Amino acid sequence: MTRIIADISISLDGCVTGPDPGPGNGLGTGGEALHTWAFSDDPEERRIVRETTARSGAVVLGRRLFDLVDGPGGWDDTVGYGAAEVGKPPFVVVTGSPPASVRLTGLDWTFVTTGLPDAVTAARERAEAASADRGADLDVVLMGGGALIGSAFDAGLVDVLSLHLAPVVLGPGTPLFTGGTPRTLVRRSASATPNATHLLYEVRSGSRAVQGP
C-alpha cells in the first residue's frame, strides 16, 4: 500500500527554517542546525536516511523549494535527496508554471500546475508503478517546504507525519503549523539519535485528539 508521508525536520519551537529565509539562505539564519542529523556519520542517523530513501517511490516539493535546490549552491552529487544512496526517486513539483530550464537534468522532474492534490495523485501513480517494478510497497514523500506540508495536512492528504525534532530553538522562523483543520495523530514510534528525536505519527481525519501509542 502506498502511503503519503510528510517528512520534515523541525525545531523545538515548531519552525522549519530560521529567520529570514530566501535565495542563498534557504534555511534561514541558523536553520542548517535542523538538518545536522541528516549529514552526520552516526550509524543510526545514516540508517534512517538510507531506509527513508529506499522507501521513496516519489517525492513532492513546492516551487520555492525547487528553486532553491535547483539554483546555484543547491543540490549536487554529494548534497540532495538520497545523494549518498543508490538510486533516486522521481520528483513532482507543485508550481504555477514550469521553469524555463532545469539545472539538475540528471533527476526525474515532473511539474504539476493544477494544484497540490493533482501533484500528490501524480506522485502516487509514480510510486505505485515503482512498487510494482520492485515488488515492494513504496511511499510518496512530501519533503516540503513547510507551506506545502501544512497545506497537505490541512487538506487531509497526509497518511503519516514524520518529524525529525532538532534540539534547537529558532525564534522567528517559519512555523510548520499555523492553524487549520484538526487532525488526530497516533504515535507509532519515537527514537532518539545524537542530533534529533525522530517521531512517526499516523494521521487520522475527523477527530481533535492527540493520542499516545
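Here the structure is a predicted model, which is why all the values come from computation and not from measurement.

A.B. asks: Lay out the nonpolar core in plain terms, naming residues and giving numbers.
C.D. replies: In terms of nonpolar packing, the biggest core is built from 31 residues, with Val60, Leu116, Leu142 and Leu161 touching the most fellow members. Only strand E1 (4-10), strand E3 (56-62), strand E4 (91-94), helix H3 (116-134), strand E6 (139-144), helix H4 (146-154), strand E7 (160-165) and strand E10 (196-205) provide two or more residues apiece to this core. For Val60, the residues in contact, after removing those within four places along its chain, are Val92, Val94, Leu116, Ala119, Ala123, Val140, Val141, Leu142, Met143, Gly144 and Leu148. Membership of the second largest hydrophobic core comes to 14 residues, among which are Leu61, Val93, Leu104 and Val141.

A.B. asks: An account of the layout of surface pockets is requested, with residue identities and associated values reported.
C.D. replies: In this structure, the largest pocket encloses a volume near 1,600 Å³. Looking at the largest pocket, it is lined by 50 residues, and the ones nearest its centre are Leu27, His35, Leu65, Val69 and Met143. Listed by contribution, the elements that provide at least two residues to the lining of the largest pocket are E1, strand E2 (15-17), helix H1 (43-54), helix H2 (63-70), E6 and H4. Top element by residues in the lining of the largest pocket is H2. It accounts for six residues. Among the residues making up the lining of the largest pocket, the classes are represented as 22 nonpolar, 22 polar and six charged. Size it by volume and the second largest pocket reaches roughly 390 Å³. Contributing elements (two or more residues each) for the lining of the second largest pocket: E1, H1, E6, E7, strand E9 (183-193) and E10. Here the residues of the lining of the second largest pocket sort into seven nonpolar, seven polar and six charged.

How each quantity is defined
Residues numbered from 1 in each chain as written. Predicted model: local features only at pLDDT ≥ 70, side-chain atom pairs only at ≥ 80, totals over all residues. Heavy atoms only, no water. Core = buried A, V, L, I, M, F, W, Y, C linked by side-chain atoms within 4.5 Å. Buried < 20%, exposed > 50% of the residue type's maximum accessible area, 1.4 Å probe, protein only. Helix = DSSP H or I, 4+ residues; strand = E, 2+ residues; numbered from the N terminus. Contact = heavy atoms within 4.5 Å. 1 Å grid on protein atoms, 1.4 Å probe; cavity = no way out; pocket = protein on both sides within 12 Å on 5 of 7 lines; lining within 4 Å. Points joined across faces, edges and corners; volume = space filled by probe spheres on them. Nonpolar A, V, L, I, M, F, W, Y, C, P; charged D, E, K, R; others polar.

Such coordinate-based values are descriptive only and should not be taken to indicate function.
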